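Here's the letter readout for the chains.
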Amino acid sequence: MTSVGTADVAPINDRVDAILTAAEAECVADVRGDDPTAPMPELLVEPGALTFVTLDPDDEAKDDVILDFNHVLCSLNYSLWHGTGGSIIHVVRNGETSASWTGGRWRLSEFDGTPLLLIGRHGGNCDGYGAQPCVQAISFYEGGFSTVRFPASLEEKPPEE
């Protein structure tokens, strides 16, 4: 594991840097709270936390980033961003636009020439139970992200008047 502090990290891009800076502050606040004598935690970034990709099928430059918090830890609270449904996966496009999802494994694929991110999600996201296989697909278009929203079940729909 590599210890990463905001002063120790070479800038990646504005958005990724902001996400890591906020994570470092959250780690410190979670561990130390209002106690200045509490030990100082470190933000730990494992290999695999940052993956440089291209999400624009017309551009070969790998200037987009998938920041996977399954590989980012708070040294004195390893469970801070980790749960049964995985961890936060941030997708940063062009150093500015980002969105995040909670999941375990992920894979970048393609559909008809368009990049497609597949994320293994908690089974509850597929109207099931925790260990049930559940995969969300996210596609990319100019300026954004898109994914299918699961329609509300009959029990969740408000009664018609």
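As the structure is a prediction and not an experimental result, all values here were calculated from the model. (Residues numbered from 1 in each chain as written. Predicted model: local features only at pLDDT ≥ 70, side-chain atom pairs only at ≥ 80, totals over all residues. Heavy atoms only, no water.)

Which parts of the structure should I look at to understand the overall build of the chain?
Within the chain, the regular secondary structure consists of 1 helix and 11 strands. Helices and strands appear in the chain in the N-to-C order β-α-β-β-β-β-β-β-β-β-β-β. Intrachain contacts of the chain at a sequence separation of at least 6 include 43% that bridge at least 24 residues. Split by element, the accessible area of the chain, about 9900 Å² in all, is 52% carbon and sulfur. (Helix = DSSP H or I, 4+ residues; strand = E, 2+ residues; numbered from the N terminus. Contact = heavy atoms within 4.5 Å. Areas by Shrake-Rupley, 256 points an atom, 1.4 Å probe, with all protein chains shown as cover.)

Sorry, what's going on with the state of the cysteines here?
Disulfide: a covalent bond formed between the sulfur atoms of two cysteine residues. Counted according to the given criterion, the structure contains 2 disulfides. Disulfide partner of Cys27: Cys74, at an S-S distance of 2.1 Å. Judged by the sign of its S-S torsion, about 75°, the bond between Cys27 and Cys74 is right-handed. Here Cys27, found in helix α1 (residues 14–32), pairs with Cys74, found in strand β5 (residues 72–74); they are 47 residues apart in sequence, far enough to count as distant. Of the two residues, Cys27 and Cys74, neither departs from the other in class, the shared state being buried. With its bonded cysteines labelled in order along the sequence, the chain shows the pairing 1-2, 3-4. (Disulfide = S-S within 2.5 Å. Buried < 20%, exposed > 50% of the residue type's maximum accessible area, 1.4 Å probe, protein only.)

Please explain the confidence of the model for the chain as it appears in this structure.
Segments scoring low in pLDDT should not have their predicted coordinates read at a detailed level. Overall, the prediction assigns the chain a mean pLDDT of 86, with 86% of residues at 70 or greater. Note that pLDDT drops below 50 for residues 1–8; the model gives that stretch 18 contacts with residues more than four away or on any other chain. (pLDDT = per-residue confidence, 0-100.)

What should I look at first to understand the side chain of Asp64 in this one?
With respect to the helices, strands and loops of the structure, Asp64 is situated in strand β4 (residues 64–68). Salt bridges are absent for the buried Asp64, whose nearest opposite-charge side chain, Arg93, sits at 4.7 Å. In terms of polar contacts, Asp64 uses its side chain to reach the backbone amide nitrogen of Leu55, at 2.8 Å. Setting aside its immediate chain neighbours within four residues, Asp64 contacts Thr51, Phe52, Val53, Thr54, Leu55, Asp56, Val92, Arg93 and Asn94. (Lys, Arg positive; Asp, Glu negative; His and termini not counted. Salt bridge = Lys/Arg side-chain N within 4 Å of Asp/Glu carboxyl O. Polar contact = N/O pair within 3.5 Å; in protein donor to acceptor, adjacent residues only side chain to side chain.)

How should the packing of aromatic side chains be read in this particular structure?
Each aromatic ring pair is summarised here by two numbers: the centre-to-centre distance and the angle between the ring planes. Taken as a whole and assessed by the stated rule, the structure comprises 3 aromatic pairs. Between Trp101 and Phe145, the ring centres sit 5.8 Å apart and the planes meet at 75°, which makes this aromatic pair edge-to-face. With Trp101 in strand β7 (residues 97–103) and Phe145 in strand β11 (residues 144–146), this residue pair connects regions lying 44 residues apart in the sequence. Each of the two residues, Trp101 as well as Phe145, counts as buried. With centroids separated by 5.8 Å and ring planes inclined at 70°, the aromatic side chains of Phe140 and Phe145 adopt a geometry described as edge-to-face. With respect to class, Phe140 is no different from Phe145; both count as buried. Counting every residue linked through ring pairs, the aromatic cluster contains Trp101, Phe140 and Phe145. (Phe/Tyr/Trp six-rings, centres within 6.5 Å; stacked < 30°, edge-to-face > 60°.)

For this particular structure, what's the right way to read the sheet that holds strand β10 (residues 135–141)?
Sheets are built from strands paired through backbone hydrogen bonds, the pairs being either parallel or antiparallel. Taking strand neighbours across the sheet as the criterion, the 4 strands line up as β8-β9-β10-β11 in an open arrangement whose pairing is antiparallel. Looking at strand neighbours, the two that pair on one side only are β8 (106–111) and β11, the edges of this open sheet. Each adjacent strand pair in this sheet contributes to an overall mean axis angle of 30°, direction not counted. The pairing of β10 with β11 spans 3 bridges and is antiparallel. Bridging from a neighbouring strand, Tyr141 pairs with Gly144 of β11. (Pairing = 2+ DSSP bridges. Axes fitted to C-alpha atoms, helices over the stretch in contact; angles between N-to-C directions.)

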